[in-house]
Each structure stands twice: as structure tokens, then as C-alpha cells.
There are 4 protein chains.
Amino acid sequence: MEKEKYELRYQYVVGILKAKINIINEQLSREYGREIIREVSSRLKKPDSIHAKLLRKDYERNFAAAKKKLNDLIGIRIVCLFLDDVYKVAEMLQKQSDVEVIKIKDYIEKPKKNGYMSLHMIVEIPIYLGEQSEIKRAEIQIRTSAMDFWSVLDYQLIYKKNVSGAEEVAKELKGYSEEIAALDKKMMKLRNKIDKI
Amino acid sequence: MEKEKYELRYQYVVGILKAKINIINEQLSREYGREIIREVSSRLKKPDSIHAKLLRKDYERNFAAAKKKLNDLIGIRIVCLFLDDVYKVAEMLQKQSDVEVIKIKDYIEKPKKNGYMSLHMIVEIPIYLGEQSEIKRAEIQIRTSAMDFWSVLDYQLIYKKNVSGAEEVAKELKGYSEEIAALDKKMMKLRNKIDKI
Amino acid sequence: MEKEKYELRYQYVVGILKAKINIINEQLSREYGREIIREVSSRLKKPDSIHAKLLRKDYERNFAAAKKKLNDLIGIRIVCLFLDDVYKVAEMLQKQSDVEVIKIKDYIEKPKKNGYMSLHMIVEIPIYLGEQSEIKRAEIQIRTSAMDFWSVLDYQLIYKKNVSGAEEVAKELKGYSEEIAALDKKMMKLRNKIDKI
Amino acid sequence: MEKEKYELRYQYVVGILKAKINIINEQLSREYGREIIREVSSRLKKPDSIHAKLLRKDYERNFAAAKKKLNDLIGIRIVCLFLDDVYKVAEMLQKQSDVEVIKIKDYIEKPKKNGYMSLHMIVEIPIYLGEQSEIKRAEIQIRTSAMDFWSVLDYQLIYKKNVSGAEEVAKELKGYSEEIAALDKKMMKLRNKIDKI
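On a predicted model such as this, the values are computed, not experimentally measured, just so you know. (Residues numbered from 1 in each chain as written. Chains lettered and ligands numbered in written order. Predicted model: local features only at pLDDT ≥ 70, side-chain atom pairs only at ≥ 80, totals over all residues.)

**Thoughts on the overall build of chain A**
Point 1. What chain A contains, in helices and strands, is six helices and five strands.
Point 2. Secondary structure elements of chain A occur, N-terminal to C-terminal, as α-β-α-α-β-α-β-β-β-α-α.
Point 3. For chain A, the spread of C-alpha atoms along the three principal axes comes to 60 × 50 × 20 Å.
Point 4. Within chain A, buried positions represent 34% of all 197 residues.
Point 5. Within chain A, counting contacts between residues at least 6 apart in sequence, those at least 24 apart form 63% of the total. (Helix = DSSP H or I, 4+ residues; strand = E, 2+ residues; numbered from the N terminus. Buried ≥ 20, exposed ≤ 12 C-beta atoms within 10 Å, placed from the backbone. Contact = placed C-beta atoms within 7 Å.)

**What to know about the sheet that holds strand S5 (residues 132-144) of chain D**
Residues and elements named next belong to chain D.
Point 1. Strand order in the open sheet formed by five strands is S1-S2-S5-S4-S3, and the pairing between neighbours is mixed. Strands with a single pairing partner mark the edges of an open sheet, and in this sheet they are strand S1 (37-44) and strand S3 (100-106). Ignoring strand direction, the axes of neighbouring strands in this sheet form an average angle of 25 degrees.
Point 2. One ladder, built from six bridges, connects S3 with strand S4 (residues 119-129); its direction is antiparallel. Paired with lysine 103 across the bridge in S4 is isoleucine 122.
Point 3. Running over the sheet, helix H4 (residues 83-95) touches S1, strand S2 (74-80), S3, S4 and S5 and is turned about 170 degrees from S5.
Point 4. Contacts between helix H5 (residues 145-158) and the sheet are confined to S1, S2 and S5, with S5 contributing the most and set at about 95 degrees to the helix. (Pairing = 2+ DSSP bridges. Axes fitted to C-alpha atoms, helices over the stretch in contact; angles between N-to-C directions.)

**Quick look at the relation of the copies chain A and chain D**
Point 1. By a simple turn and slide, chain A fits onto chain D: the slide is 0.0 Å along the axis, the RMSD is 0.0 Å, and the turn is 180 degrees. Put plainly, the chains are arranged around a two-fold axis. Taking C-alpha positions as the reference, the residue of chain A nearest the rotation axis is alanine 146 of chain A, at 3.3 Å.
Point 2. Mapped onto chain D, 96% of the interface residues of chain A again fall at the interface, so both copies present the same surface. (Least-squares fit on C-alpha atoms with pLDDT ≥ 70 in both.)

**Thoughts on the environment of arginine 43 of chain B**
Point 1. Looking at where arginine 43 of chain B falls in the secondary structure, it is placed in strand S1 (residues 37-44).
Point 2. Distance in space between the C-alpha atoms of arginine 43 of chain B and valine 14 of chain B is 8.8 Å, their sequence separation being 29 residues.

**Here's the deal with the interface of chain C and chain B**
Accessible area lost upon the coming together of the parts is a frequently used measure of interface size.
Point 1. Listed as interface residues are 26 residues of chain C and, on the opposing side, 25 residues of chain B.
Point 2. Those elements giving two or more residues to the side of chain C that touches chain B turn out to be helix H5 (145-158) and helix H6 (166-196) of chain C.
Point 3. Examining the composition of the side of chain C that touches chain B, we find that 13 residues originate from one element, H6 of chain C, more than from any other.
Point 4. Considered class by class, the residues forming the side of chain C that touches chain B number 16 nonpolar, four polar and six charged. (Nonpolar A, V, L, I, M, F, W, Y, C, P; charged D, E, K, R; others polar.)

**Remarks on the relation of the copies chain C and chain B**
Point 1. For the pair chain C and chain B, the superposition axis carries a translation of 0.0 Å, the fit reaches an RMSD of 0.0 Å, and the rotation angle comes to 180 degrees.
Point 2. When you check the interface residues of chain C against chain B, 96% turn up at the interface there too, and the contact is symmetric in its surfaces.

**Here we look at the sheet that holds strand S4 (residues 119-129) of chain A**
Residue and element names in this part refer to chain A.
Point 1. Across the sheet, which stays open at both edges, the five strands sit in the order S1-S2-S5-S4-S3 with mixed pairing between neighbours. Because the sheet does not close on itself, it has two edges, and the strands there are strand S1 (37-44) and strand S3 (100-106). The sheet shows a mean angle of 25 degrees between the axes of neighbouring strands, direction not considered.
Point 2. Each of S1, strand S2 (74-80), S3, S4 and strand S5 (132-144) is contacted by helix H4 (residues 83-95), which is oriented at about 170 degrees to S5, the strand it contacts most.

**Comments concerning the interface of chain A and chain D**
Point 1. Each partner contributes residues to the interface: chain A has 26 residues there, and chain D has 25 residues.
Point 2. For the side of chain A that touches chain D, the secondary-structure elements that each account for two or more residues are helix H5 (145-158) and helix H6 (166-196) of chain A.
Point 3. Among the elements that line the side of chain A that touches chain D, the one with the most residues is H6 of chain A, at 13 residues.
Point 4. Here the residues of the side of chain A that touches chain D are counted per class, giving 16 nonpolar, four polar and six charged.

**Concerning the environment of tyrosine 59 of chain A**
Residue and element names in this part refer to chain A.
Point 1. As for its placement among the helices and strands, tyrosine 59 is situated in the loop between helix H2 (47-56) and helix H3 (63-69).
Point 2. Here the alpha-carbon distance between tyrosine 59 and aspartate 106, two residues 47 residues apart in the chain, equals 25 Å.
Point 3. Excluding residues within four positions of it along the chain, tyrosine 59 makes contact with Leu54, Ala65 and Lys69.

**Observations concerning the confidence of the model for chain A**
Any residue range with low pLDDT should be treated as having predicted coordinates unsuitable for detailed reading.
Residues and elements named next belong to chain A.
Point 1. Mean pLDDT over chain A stands at 91; residues scoring 70 or higher make up 99%.
Point 2. Of all secondary-structure elements in chain A, the lowest mean pLDDT belongs to H3, at 82, while S2 reaches the highest, 97.
Point 3. We note a pTM of 0.88 for the whole complex and an ipTM of 0.90 for its interfaces. (pLDDT = per-residue confidence, 0-100.)

**Structural notes on the packing of helix H5 (residues 145-158) of chain B against helix H6 (residues 166-196) of chain B**
Each pair of packed helices can be described by the angle between their axes along with the distance between the axes.
Residue and element names in this part refer to chain B.
Point 1. Across the interface, H5 lies against H6 with an axial gap of 10 Å and an inter-helix angle of 170 degrees. Classified by the angle between their axes, H5 and H6 sit roughly antiparallel to one another. Along its contact with H5, which presents Ala146, Met147, Trp150, Leu153, Asp154 and Leu157, the element H6 presents Ala166, Val169, Ala170, Leu173, Tyr176, Ser177, Ile180, Leu183 and Asp184. (Parallel < 35°, antiparallel > 145°, perpendicular 65-115°, else oblique.)

**Focus on the pairing of S4 of chain A**
All names here are of chain A.
Point 1. Both S4 and S5 contribute to a ladder of 11 bridges, which runs antiparallel. Looking at the pairing, leucine 129 lines up with glutamine 132 of S5.
Point 2. The hairpin turn running from S4 into S5, its antiparallel successor, is two residues long, and glycine 130 in that turn takes a positive phi close to 55 degrees.

And the structure:
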């Protein structure tokens, strides 16, 4: 029961956020005359993954604790083609008067130790359902297409930690993260040049 | 420009309302253990249709007047299978704390002169876009599948007013409206009987 | 494994048939200047339902027997608004040179004993997957929107056979089937009148 | 009329090819335990673009010539994450017994002069519509996500040929094509390493 209600609310929050992201995409695409957002996807953190995180963070392991402590029960991923578009989308999200940005972690400016890049925003929006309104939290990850490619390999490594050979692979993957960052910058600069000629 | 912004806002209002209707459908379907909403569609009133209505109502014919005076620039249609489900959906919509119901016209209880049946709700919802919030108005039509079938013929007659033969046809169509109303009631009652055995 | 391959093939057959139905809908809608098909849905017969049918028909109960003996493992439902459109769609399907119609059962012309109405076609189409081609069978049900409404109650009665009160309800439901048949005919005739004025 | 029929047929060919690509994706994703195809899109060559190509190639400029001479009236684009997946998808397409591969141009193995990379296949499939069957031709472009990113800038340059500064930009873009090719190879090799640990 509790779980069903949780899923319904999740679908609703995702529905509202996607409606917002769609209109932001339309607005920016018209303003800049090009495709800004390539892909929007969403996921609800699964029970075993919630459990693992509560354990890791040494929190109580129940549903109430999960809702209170974890910011990423609801996750939205936005993939852009170009680096600067990531920030354009983030800025538009911050301007929405009913979206409160709780925290921004710019893992593009300052990647994670393993090389992971993405702009993370923890946001809160009010949802109106039936007679009450509630504040709901979600994590929005915005990244380039190239960063998204990289993260596929990064994700596969999660399950191979502490395995012989993993360290060497992780080091190599980190190197590619830097190459991707450099490539994204060069492609963006070249796009600016093309716009000007 | 003005028109483009209008379309964007329309898409957004429709997106928010559809997210609401989806969750209402999920909630009711789970509660009653059957499909409640068959179909949700939306339309933006077209310029020539806006113009015609402003003319008919003797309003000024400009965009500002349209936005101020016409309630049905944004239209949402919800089709249910059973008669009582129409009212269940309407009730849930009224309970939404951010939806203000401005007017209800129950053309099921009291059909239009030509036989048209549907429950019409004019609603207002706040939308938050960029830095400002705005109140937006929409007309939601809720009807049964059988009423929806009927309205297809009714709609075709609109374009044939004052044509010889139209009056007779209209009278016949009105008679079928009554048959459909009776059928919807009988089917609903039979469904209740089946639920009980 | 066997089951997975079966599902993949099913999705493919459904994909091909839906592509055909879409183009038939486009062609007819353009020709007649109105919406012809309201809804297309599909389902794969579920294991327990397959098992029950094999048992009922006294066939061997294994996957090979199911594929050989049962015609309706793959089911497609097409819902039209008007009675004559059901036959227009059926005729177009028969004209497809790669679709072989194995059997037609016209439960509209001659409803089932309980009042059930629908046009059933068992069809075979060749599918080309990897190196081999195979002949696949599917059941296509075509009906009006009103018949589809009726069948929802009929479907609920299946699970209440031999229950006290079921017989009376079934009789009442059968009566409504006749009303719906009459209504569909009258609405079709009226549509023809409207077309002519 | 001619144009409408052309569009209908196009939608149908695209529908059939997409059904094939979906099932290929399912099969490969199950076999390799990862996402193989990221995105499938399609386009119908537009009249002005057809006209320009007929002119450029010095062909007669009419619809019959276009259908006979141009291979890419119907275009399908498939985007994979990894380099080897491009070839896996191509191989599966070639195995389809009703798909005849007329020509393969491997612009990945041997990029175009400007740096453009993609695997192009001209294919023919029979379509069965109404009473006749016809052979239809389409161009399928298969590429990696990184190549797809690159091609966005390449596409923008098309409209700026012979403009001052374009040559320098084109040279720079070509350099990035080589970087992308190198990156795609490294990421694929690293994925293989991860699979093995």
C-alpha cells in the first residue's frame, strides 16, 4: 500500500518535472535555433538500492528514513549535446518560481575522483494531489552526450570493485574522462565559430 | 511571437493537467479494480474558431479579448466507459488543491437542446514558468464512450445548419441521444449487479 | 529461452500487423474524410490462459500443441466508430497480398449465443527474421466502439459463471447487445443521411 | 495525390524497418546483456532537397527520376553507443531474408574527405500493400553516439560552404573526427577489458 502510493506520487512528480523540462527545451531550442536536449529519462530508486544506501550512510533502514534522508529517490537525467547547453538548462530550471534548488553539485567543473562528470541539482517542488499539497524532492542530472557515454562504463565498474584488474581499468577510464571533457570544450568552441561565420 | 508563446504555455498547461488526470486515473482504477478513463485528448482552439466565437459573442476581436473572455482556448476531453465514472473523475479533479473550478455545466443531467451530453468544467490552475506564475484557464469535457460516439455526428451537423434536411436529421439525432442516455444508465446498473454477484 | 523467443516473435508480428493497420487507417481516413479506426490494441495470450484452452479443447498441453492448434496466441483488436467501417477495414486486410485469411467468423451478422458481437479474422502472414522465414498466425477482432463497451461487461461475467444470479444478468446483458446492434445501425444510417445533405 | 501516396508508402516502409530494428535490438541486447541501440530516427527526403540532388547529379527533375535514381528518399538512422555494436546491427540486418543489401559504404573504415563517419547501407525490402507488392529502397545509416555528435556540426557547415572562414573550421572539424574515432576505439577496448575482469 505504502509502496503503491509512493509509486503513484513518483509518477506524478516525474510527470510535472518532465512537463517543465519539455517547455524549457522548446524555449531554448527556439531561442538558439538548434536542438538543446537530446534525451530525458527518469528512474525511481529501487528498494535494494535504497537499502544499500541507507546501510552505507549508517541511517535507519526504513521507508520514513529513506524519504527524509535520501535526495535521489526520484532521479531525472537530461542529456544535451553541447557543454554550455547543460548550464542553460540548469539556469532555466533555477528560474522556475515553484522549483526550489536545494543543492547544486557541479561535477563538470570539478569531476568526482573517478572522473565522473555531470551537473547534479537537488530540487524541491510542491505537488498538489487531492486535498493536501506536499513538497517533493528529486535529483536532476544534466550532462553531455559524451559524458553520458563515459558513464556507461563507469556504471559497469561499480559492480567490479575490489576485483583484480579493476584498479587499472578505473585509471584508464579516468583518463578518458579528461579526453571527453577536452573534446566537449573543443566542439563547443568550434560550434561558436561556425555560428559566427 | 505572441502566438508562439501562447502555444508553449498551452502545451505546458496541457502537460500539467494530463499529469493530474493520469494520476487520478491510476488512483481510481486501483480503487475500483477496473479501467476508469479510456482516452484523454487535448486541443488548442484554432485562430479561425476563436475569431468566429468572438464575433458570435460580439466581443472585441483581438488576442487579449480572446484570453480574457473565452474559457475554452485550452480544451481537454476525458472519455470514460461508465456513466458514474464521469462523476468520479470530476470529483477527484475538484479535490485537487491547486485546481479551482470556476464553473460546472452538467449537460448530462440536463442535456443541451440538441441532445448534446457531457460534463463541462471550467478550471483554473496556476502555472509556474520562469520567474512569474500565471493563472491559466481550461475547459475539461468529461463524457462516456457512448456520448462521445454521438457527438461525432453532432459535430458534423454544425457545418450543415440551415441546409434543407438538416432539421429532420437533427431531430433524429436528438432521439438517439436519449437512447444513449438510457443505455448508459442500464449498462451501469448491470455492472453494479455483476459486481455484487 | 523458448518463451523469450516466442515473445520476441510476437512483438515482431504485432509490429508488422500494426504497421499494416496504420496504413489502412490512413488510406480509409483520407478516402472517407473521417476517422475510421479509433483504437488498436494487442495482447499475447498468457500461459495460464493457453493452458486452460488446451485443457478445454482436450489438446496436448505443451508449447508445440499451443502453437499448432490455437489460432489466437497473438490477438489484435481494432475498434471503429461506425458499423460499416468494421467491414471496410476487414476488406482492406483481405486485400493485402501477404496476408492470408484462414477463417472469418462474423459474430456481428450472427452474434454468439450470449450476445457477443465482433468480426473475427484468423490471418497468416510470413515473417522474415534472420535467415529463415516463418508463417505466423494471429486473430484480429474488429468491432464498433459500442460493441467494445458491451464486451467489457461480458468479460466480467466470464469469471462469474455458475454463480447464483449470473444467469439473469447474462440474459439482461444479451438484451443490451441487441439494443447496441440496433443503435449502431441507426447511427450509421443517420451518418449517411448527414453526408448527403 | 502522387505525393500523398508517396508519404503513405514511406510511413509503411519505415514502420516495417523499425519493427525489424526493434527486434534486432531486443535480440542483441539479450545476447550481450547491455543496451545496443540508443536511438532510431527516420526522415523522408524533402522536395527541395530531392530537387537539389537531382540537379547536382544532372538527372531529370521529376518524381519518377527521383524514385529510380535516388537511394536515400527514405532514410533511417541508428545510433549505437559502441563501435562494434554498429557492425553487429549491420550484420543482423544483412541476415534478414527479406532485406536485400544493395550497397554498403563503410565511412567508418574509410571516412569521407571531410571526416564524416557512418556505416551506410542501401537496402531493398518488398512491401505488400493492397493487391500488389513493390520493392522499396531505403538508406540506413548506422553510427556511434560520438559520431552522431560530430555530424551535428558537419551538418551546420553544409550551409556555410564558400564562406570566408569555413575552410579553416572544416579543417578543425576534420581533426576532431579523428579524435572521436580514436576515442570510440579506446572506449570499446576498455569495455572489453571490463567484461573480462
